[in-house]
Structure formats: structure tokens, C-alpha cells
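This is what each chain is made of:
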Amino acid sequence: FGGQSFIGGMLDKIATLRQMTEGRDIVIEVDGGITTETAPLVAAAGARALVAGSAVFKGDGEAAYRANMDAIRSAATI
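Cut-offs applied
- Residues numbered from 1 in each chain as written.
- Predicted model: local features only at pLDDT ≥ 70, side-chain atom pairs only at ≥ 80, totals over all residues.
- Heavy atoms only, no water.
- Helix = DSSP H or I, 4+ residues; strand = E, 2+ residues; numbered from the N terminus.
- Buried < 20%, exposed > 50% of the residue type's maximum accessible area, 1.4 Å probe, protein only.
- Contact = heavy atoms within 4.5 Å.
- Phe/Tyr/Trp six-rings, centres within 6.5 Å; stacked < 30°, edge-to-face > 60°.

Draft legend 1. Local environment of the overall build of the protein. Summing up its helical and strand segments, the protein has 3 helices and 2 strands in all. When the helices and strands of the protein are read in sequence order from the N terminus, they spell out α-β-α-β-α. Here the protein holds 78 residues, and 26% of them are scored as buried. Counting only contacts in the protein whose residues sit at least 6 apart along the sequence, the fraction spanning at least 24 positions is 48%.

Below, the structure written as C-alpha cells:
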């Protein structure tokens, strides 16, 4: 459902999965609670595909949505 809160305990699981799959062509995706605050945390843990819904579609109109996406991308860049 939209607007889920991020579950902080998943960071350790993401990092463990990253270690388990090192050297393999596997992309770890995180869906749920991705915001400008959580994006850098999950990226640092090893996720490379972040699914954001509510954090993108807040605001009004295309310009706001693009600004939200850009902010999340910038935050996730490690």
C-alpha cells in the first residue's frame, strides 16, 4: 500500500543479501518507505533499485514530481 513506513531493521538484511550475492549479477530492490532520508541508507546497504511512490507523488504536478525524483536520486547516490 502507498505511504508505507520504512522498516529500519531491513538495512542489515539488505547488507547480508549484498554479501551473499557479491560477484553475481543480482540487483537488490527495496520497495516501501523510500524517501530522501531512507534512500542513502538502503543504497549504502547495497540496494540498487529503489521503488518510491508516495515520496514522488507528493506536491502538485509534473514539476514537483520531477523535483521529488531528482531529490531521491541525489540522496541515493553513494
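Draft legend 2. Molecular detail of the packing of aromatic side chains. Within this structure, the stated rule accounts for 1 aromatic pair. When the ring of phenylalanine 57 is compared with that of tyrosine 65, the centres are 5.0 Å apart and the planes differ by 75°; the resulting orientation is edge-to-face.

No statement about biological role is implied by the geometric values presented.
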